[in-house]
Amino acid sequence: MSNPAILDDLYATILSRKGGDPDSSHTARLFHKGRAKIAQKVGEEAVETVIEAMAGTPEKLASESADLLYHLLVLWADAGVQPADVYAILEGRKGVSGIEEKKNRTQT
Ligand SMILES: N=c1c2ncn([C@@H]3O[C@H](COP(=O)(O)OP(=O)(O)OP(=O)(O)O)[C@@H](O)[C@H]3O)c2ncn1[C@@H]1O[C@H](COP(=O)(O)O)[C@@H](O)[C@H]1O
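Residues numbered from 1 in each chain as written. Predicted model: local features only at pLDDT ≥ 70, side-chain atom pairs only at ≥ 80, totals over all residues. Heavy atoms only, no water.

A.B. asks: So what's going on with the nonpolar core? Residues and values would help.
C.D. replies: Formed by Tyr11, Ile14, Leu30, Phe31, Ile38, Val42, Tyr70, Leu73, Val74, Leu75, Trp76 and Ala77, the largest nonpolar core amounts to 12 residues. Of all the secondary-structure elements, those providing two or more residues to this core are helix H1 (6-16), helix H2 (26-33), helix H3 (35-55) and helix H4 (58-79). No other element matches the 6 residues that H4 contributes to this core. (Core = buried A, V, L, I, M, F, W, Y, C linked by side-chain atoms within 4.5 Å. Buried < 20%, exposed > 50% of the residue type's maximum accessible area, 1.4 Å probe, protein only. Helix = DSSP H or I, 4+ residues; strand = E, 2+ residues; numbered from the N terminus.)

A.B. asks: Run through the packing of H2 against H4, naming residues and quoting values.
C.D. replies: Orientation of H2 relative to H4, taken along the N-to-C sense of each, is 50°, at an axis distance of 11 Å. Taken together, the axis directions place H2 and H4 in an arrangement best described as oblique. In the packing of H2 onto H4, the handedness of the crossing is right-handed. Counted together, His26, Thr27, Leu30 and Phe31 of H2 and Tyr70, His71, Val74, Ala77 and Asp78 of H4 form the full contact between these two elements. The class makeup of the residues in the contact of H2 with H4 is 5 nonpolar, 3 polar and 1 charged. (Axes fitted to C-alpha atoms, helices over the stretch in contact; angles between N-to-C directions. Parallel < 35°, antiparallel > 145°, perpendicular 65-115°, else oblique. Left-handed = near helix turned anticlockwise from the far one by under 90°. Contact = heavy atoms within 4.5 Å. Nonpolar A, V, L, I, M, F, W, Y, C, P; charged D, E, K, R; others polar.)

A.B. asks: So what's going on with the site of the ligand? Residues and values would help.
C.D. replies: Near the ligand there are 13 residues, and of these Arg17, Ser25, His26, Thr27 and Lys41 occur at the shortest range. In this structure, an oxygen atom belonging to the ligand sits 2.6 Å away from a side-chain N or O atom of Thr27. The separation between an oxygen atom of the ligand and a polar side-chain atom of Lys41 is 2.6 Å. Alone, the ligand offers 840 Å² of accessible surface; in the complex the protein occludes 53% of this. (Near = heavy atom within 4 Å. Polar contact = N/O pair within 3.5 Å; in protein donor to acceptor, adjacent residues only side chain to side chain. Areas by Shrake-Rupley, 256 points an atom, 1.4 Å probe, with all protein chains shown as cover.)

A.B. asks: Could you give me a rundown of the pattern of salt bridges, with the residues and numbers involved?
C.D. replies: Applying the stated criterion across every chain, the model contains 3 salt bridges. Salt-bridge contacts for Asp78 lead to Arg35; the nearest nitrogen and oxygen are separated by 2.5 Å. Remark: Arg35 occurs in helix H3 and Asp78 occurs in helix H4; sequence separation between them is 43 residues. Relative accessible area serves as the criterion here: at 44%, Arg35 is assigned to the partly exposed category. Across the salt bridge formed by Glu44 and Lys41, the nearest N and O atoms sit 3.2 Å from each other. A residue pair is termed a helical-turn pair when its members lie 3 or 4 positions apart in one helix, as Glu44 and Lys41 do in helix H3 at 3 residues. We classify Lys41 as buried; its relative accessible area is 18%. (Salt bridge = Lys/Arg side-chain N within 4 Å of Asp/Glu carboxyl O.)

As far as function goes, none of this settles anything; it's purely spatial.
What follows is the structure in structure tokens.
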């Protein structure tokens, strides 16, 4: 069973942990450690995701991808980025080829 709003739901849970007890919430602990630690975790989870893509199973890749998305959402929450901000960028790119999009980005 899948929930298409799972990223929004998880983001709301993550936001609710701001200022929470670092001893009872992993997310609160990450916020407590600060942006550099959260960004480091995103980097580590990205590397683990790549390793599973190259040498693991689809199941392990999916699991590492979930860890990566969770930590990325914590980073967005810490930096004041809403999932809707990212969705809007993706929406704006719909129908534009990747090559065209790169050209537009390097011109601005
Ligand atoms: N999706 C996740 C999620 N994915 C991964 N993790 C945690 O991320 C941690 C990654 O493990 P690591 O050993 O890499 O990290 P670490 O233990 O911080 O070690 P260091 O790198 O800091 O040394 C594990 O403790 C995982 O449990 C998550 N923790 C929480 N969530 C979601 O966030 C919600 C709120 O969680 P709490 O804030 O803990 O209540 C949960 O209900 C879940 O839905």
